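In case you want the letters, here they are:
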Amino acid sequence: MHHIVYSSEVVGTLNESLLREMLLKFRRYNHQVGITGILLYCNGQVLQVLEGERTVVEELYGRIGRDPRHGNVVKLADGPVSWREFPEWSMAFAVASPSAFASLTGYCDPDNPWQLRSEAGRLIRELIREFIQQTRLTIR
């Protein structure tokens, strides 16, 4: 089992109907290839966890990096994991408040020299799970 956590900026406009259409397509694909995870969105910013077999997760992340709808893609964590943090979701989706999203992305700063890279992924996944439970975000 492998995971990649990344952040990015949405390029262009993204309305709710287009987002719903995209989510249905992405969820079908993720289900077919065995990827689970969550996508948090706030004002044009994305934070996503991808979990699954290494080659499948890496291929999807590569596609995301080449997708013109994503800008400033930053990998926050990449490595093996012992379990899926989000096994029940082929792609959970939640909209976060600006302050909550800022606290999450601030914590996930890949340039933070005090955060061990090997620990970053586990900590980010746990933090997102805790964040969802504490804020009672509506998962769609």
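All values reported here derive from a predicted model rather than from experimental measurement.

Draft legend 1. Region of the structure containing the confidence of the model for the chain. For the chain, per-residue confidence averages 80 on the pLDDT scale, and residues scoring 70 or more make up 72% of the total. Least confident of the elements in the chain is helix α4 (residues 117–135), whose mean pLDDT is 62; most confident is helix α2 (residues 54–66), at 97. Segment residues 113–118 is flagged for pLDDT under 50; beyond a separation of four residues in sequence, or across chains, it makes six contacts in the model.

Draft legend 2. Spatial organisation of the pattern of salt bridges. Taken as a whole and assessed by the stated rule, the structure comprises three salt bridges. A salt bridge links Arg 54 to Glu 58; the shortest N-O distance between them is 2.8 Å. A residue pair is termed a helical-turn pair when its members lie 3 or 4 positions apart in one helix, as Arg 54 and Glu 58 do in helix α2 at four residues. Classification of Glu 58 by relative accessible area gives partly exposed; the value is 31%. Among the ionic pairs, Lys 75 bridges to Asp 78, the shortest N-O distance being 2.9 Å. On the basis of relative accessibility, which here comes to 29%, the residue Lys 75 falls in the partly exposed class. Residue classification places Asp 78 among the partly exposed residues on the basis of a relative accessible area of 39%.

Draft legend 3. Main features of α2. For α2, built from 13 residues, the straight-helix expectation of 18 Å at 1.5 Å per residue is met to within 8% by its first-to-last C-alpha distance of 18 Å. For α2, the complete set of buried residues consists of Val 56, Val 57, Leu 60, Tyr 61 and Ile 64. Buried residues of α2, viewed axially, fall in a sector of 130°; they line one side. Those residues of α2 that are exposed and aimed more than 90 degrees away from the buried face are Arg 54, Thr 55 and Arg 66.

Draft legend 4. Just the nonpolar core, in detail. Counting residues in each nonpolar core, the largest one holds 16 residues, and the members touching the most others are Tyr 6, Ile 35, Leu 39, Leu 50 and Phe 93. Counting only elements with at least two residues in this core, the list comes to β1 (2–10), α1 (16–33), β2 (36–42), β3 (45–52) and α2. Here this core takes five residues from α2, the largest share from any one element. Excluding residues within four positions of it along the chain, Leu 39 makes contact with Val 46, Leu 47, Gln 48, Met 91, Ala 92, Phe 93 and Ala 94. Ranked by size, the runner-up nonpolar core spans 14 residues in total, among them Val 5, Phe 86, Phe 101 and Ile 128.

Draft legend 5. Focus on the packing of aromatic side chains. Scanning the entire structure with this criterion turns up two aromatic pairs. Positioned above the aromatic ring of Tyr 29, the side-chain terminus of Arg 63 is 4.6 Å from the ring centre.

Draft legend 6. Local environment of the sheet that holds strand β4 (residues 70–80). Here five strands make up an open sheet; going across it, the order is β4-β1-β3-β2-β5 and the pairing mixed. Each edge of the sheet is formed by a strand with only one pairing partner; in this case those strands are β4 and β5 (92–95). Pairwise comparison of adjacent strand axes, ignoring direction, gives a mean angle of 15° for this sheet. Relative to β3, β1 is paired through eight bridges, and the arrangement is antiparallel. Within the sheet, the bridge partner assigned to Val 5 lies in β3 and is Val 49. Against the sheet, α2 makes contact with β1, β3 and β4, and its axis sits at roughly 10° relative to β1, the strand it touches most.

Analysis parameters
- Residues numbered from 1 in each chain as written.
- Predicted model: local features only at pLDDT ≥ 70, side-chain atom pairs only at ≥ 80, totals over all residues.
- Heavy atoms only, no water.
- pLDDT = per-residue confidence, 0-100.
- Helix = DSSP H or I, 4+ residues; strand = E, 2+ residues; numbered from the N terminus.
- Contact = heavy atoms within 4.5 Å.
- Salt bridge = Lys/Arg side-chain N within 4 Å of Asp/Glu carboxyl O.
- Buried < 20%, exposed > 50% of the residue type's maximum accessible area, 1.4 Å probe, protein only.
- Expected span 1.5 Å × (residues − 1).
- Arc of directions from axis to C-beta.
- Core = buried A, V, L, I, M, F, W, Y, C linked by side-chain atoms within 4.5 Å.
- Phe/Tyr/Trp six-rings, centres within 6.5 Å; stacked < 30°, edge-to-face > 60°.
- Lys NZ or Arg CZ within 6 Å of the ring centre and 35° of its normal.
- Pairing = 2+ DSSP bridges.
- Axes fitted to C-alpha atoms, helices over the stretch in contact; angles between N-to-C directions.

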